[in-house]
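Each chain is listed here by its residues.
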Amino acid sequence: MTKNTIIINPLDNVAVALCDLKKGEMHEGVVLTEDITKGHKFTLRNVDAGENIIKYGSPIACATEDIPAGAHVHTHNVKTNLSENLEYTYNKVATPLKPIKGRKVNVYARKNGDVGIRNELWVIPTVGCVNGQAKLIVETFKKRYGTEGYDGVFTFTHPYGCSQLGDDHERTKLILQKMVKHPNAGGVLVLGLGCENNQMSAFKEGLGKVDNNRVKFLVCQETEDEIESGVALLKEIAEVIRNDKRTEKDISCLKVGLKCGGSDGLSGITANPLVGLFSDYIVAAGGTTVLSEVPEMFGAEQLLMNRAKDEATFDKVVKLINDFKDYFRRNGQTVYENPSPGNKAGGITTLEDKSLGCTQKSGSGPVEDVVFDDGFVTRKGLNLLNGPGNDMCAVTNIAAAGCHLVLFTTGRGTPFGGFVPTLKIATNSDLAKNKANWIDFNAGAVLDSDFDTQLEKLIDLIVETANGKPAKNELNETREIAIFKTGVTL
């Protein structure tokens, strides 16, 4: 029988509606005093003003007025408990997951020991001034030579690379350099203008050693016809990468990003816990997962800190959190300016509510490492990654850090996709049905099935995607990048 409500944790004093509920109905032993929309919360008993609202077994808010049993709990009658300055202590609860034997995947083995799940040909502009040329080069090449023998030709345009100062300039350069080295690209043409701040000579120096047969460079101001020159260089690269073949590897070779966007009241009940189970599965099999969206750790950060494998890693998590809070303060913004209007409409009330649901994507295993802006993910297991919650910036950061694909849970729906396969996992069946052209997997099915069954189906999908099955964002030709900007533009 389909459930109408759920109490997530025995300690909770609220339940969540799994469908629209009507005033006067009895659910979880209380009579509703008003209509409750799907994804929203109602009290299981009388709650006094100043008393904590408990969800996920933890406080998510405090009541601003007396709230009777069966009443709607949301922004109109509660407020956050969070304050800007917190003291953190390390109370280790990290327990390594029991090793398991994972599945096999068919991937492209790269010379540096990494693997790719795609064998694509990329054009990466160093500056936004040549976005149009990058598109023309790709379009001309595809018309002339097609894409047989590899997985497509793509460019990733952006508005940056010039007139940026300090950290912004360095971050733009670094993100693009990381993309050049991404293993999903069999080969890359780096396209510059010639007079931009992001000079090709400095870009190449920071890039380090590359395979000159697979990575080539073109400065538009230094050639008479940049389109023909670009097409000729792409043809040279294509002749090399079309010989690449998939080979069987353990699933432990994969690095999987964990992201949510357009969350709703079911995100922390269906999709995020399911992704958390997958994170535990692949980590137990020897693989790697990456959780980012630092502002959406606020309110749940102590739980992540306690899962740090050791005190040195705990210190890194504290730095991750405090540095991002400092970023908010430097710009005169409230640290807890979250959740979004869409989140609130979906039933998420406070940042604690959002964060406790969001961080469930990380599963239960220990935090092995924290990666900051200048690093790649190099350590197996669960990693935390610096970056904002913004969907496009976060997925770009996650992929640039080395992830082969991203699991993106959503309750409201989004067509967005990054420069790696971005699997959309719906929190509810209505979204999965209504936006089947966006959604890759329906985690809402756990409400009518069980987590174990749906986990096996999710693993099947991830294996198929690693083996070459296109994600919906790939089918829709939705491949975007966005570079996190914090500073001054000239």
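Owing to the predicted nature of the structure, the values given are computational and were not obtained by experimental measurement.

Basis of the calculations
Residues numbered from 1 in each chain as written. Predicted model: local features only at pLDDT ≥ 70, side-chain atom pairs only at ≥ 80, totals over all residues. Heavy atoms only, no water. Pairing = 2+ DSSP bridges. Helix = DSSP H or I, 4+ residues; strand = E, 2+ residues; numbered from the N terminus. Contact = heavy atoms within 4.5 Å. Axes fitted to C-alpha atoms, helices over the stretch in contact; angles between N-to-C directions. Salt bridge = Lys/Arg side-chain N within 4 Å of Asp/Glu carboxyl O. Buried < 20%, exposed > 50% of the residue type's maximum accessible area, 1.4 Å probe, protein only. Phe/Tyr/Trp six-rings, centres within 6.5 Å; stacked < 30°, edge-to-face > 60°. Lys NZ or Arg CZ within 6 Å of the ring centre and 35° of its normal.

## Some remarks on the sheet that holds strand S1 (residues 5-6)
What holds strands together in a sheet is hydrogen bonding between their backbones, with the strands either parallel or antiparallel. Taken together, four strands build an open sheet; the order of strands is S1-S2-S5-S8 and the sheet is antiparallel. Each edge of the open sheet carries a strand with a single partner, namely S1 and strand S8 (72-73). Both strand S2 (residues 14-17) and strand S5 (residues 41-43) contribute to a ladder of three bridges, which runs antiparallel. Pairing of Val-16 across the sheet is with Lys-41, part of S5.

## A closer look at the sheet that holds strand S9 (residues 78-79)
Spatially, three strands are ordered S6-S7-S9 in an open sheet, and the strand pairing comes out antiparallel. Since the sheet does not close on itself, it has two edges, and those belong to strand S6 (52-55) and S9, each with one partner. Across four bridges, the pairing between S6 and strand S7 (residues 58-63) is antiparallel. Bridge assignment links Ile-53 to a residue of S7, and that residue is Ala-61. Against the sheet, helix H9 (residues 351-358) contacts S6 and S7, and its axis sits at roughly 165° relative to S7.

## Some thoughts on the pattern of salt bridges
Under the counting rule described, the total for this entry stands at 31 salt bridges. One salt bridge connects Lys-361 with Glu-293, and the closest N-O pair in it is separated by 3.6 Å. Here Glu-293 lies in the loop between strand S18 (288-291) and helix H6 (301-306) and Lys-361 lies in the loop between H9 and strand S19 (367-371), a separation of 68 residues in the sequence. Accessibility classification places Lys-361 together with Glu-293 in one group, the buried group. Here the residues in one salt-bridge network are Arg-110, Lys-111, Asp-211, Arg-214 and Asp-244, joined through shared partners.

## Concerning the packing of aromatic side chains
A full pass over the atoms with the stated rule returns 13 aromatic pairs. Here the aromatic rings of Tyr-327 and Phe-484 are separated by 5.4 Å at their centres, their planes lie at 80°, and the arrangement is edge-to-face. Remark: Phe-484 occurs in the segment after helix H13 (472-475) and Tyr-327 occurs in helix H7 (residues 311-330); sequence separation between them is 157 residues. Aromatic rings pair up to connect Phe-298, Phe-324, Tyr-327, Phe-328 and Phe-484 into one cluster. Lys-319 extends its terminal NZ or CZ atom over the ring of Phe-372, reaching a point 5.7 Å from the ring centre. Directly above the ring of Trp-438 sits Lys-435, whose terminal nitrogen or CZ lies 4.0 Å from the centroid.

Any functional reading would require information beyond the geometric quantities listed.
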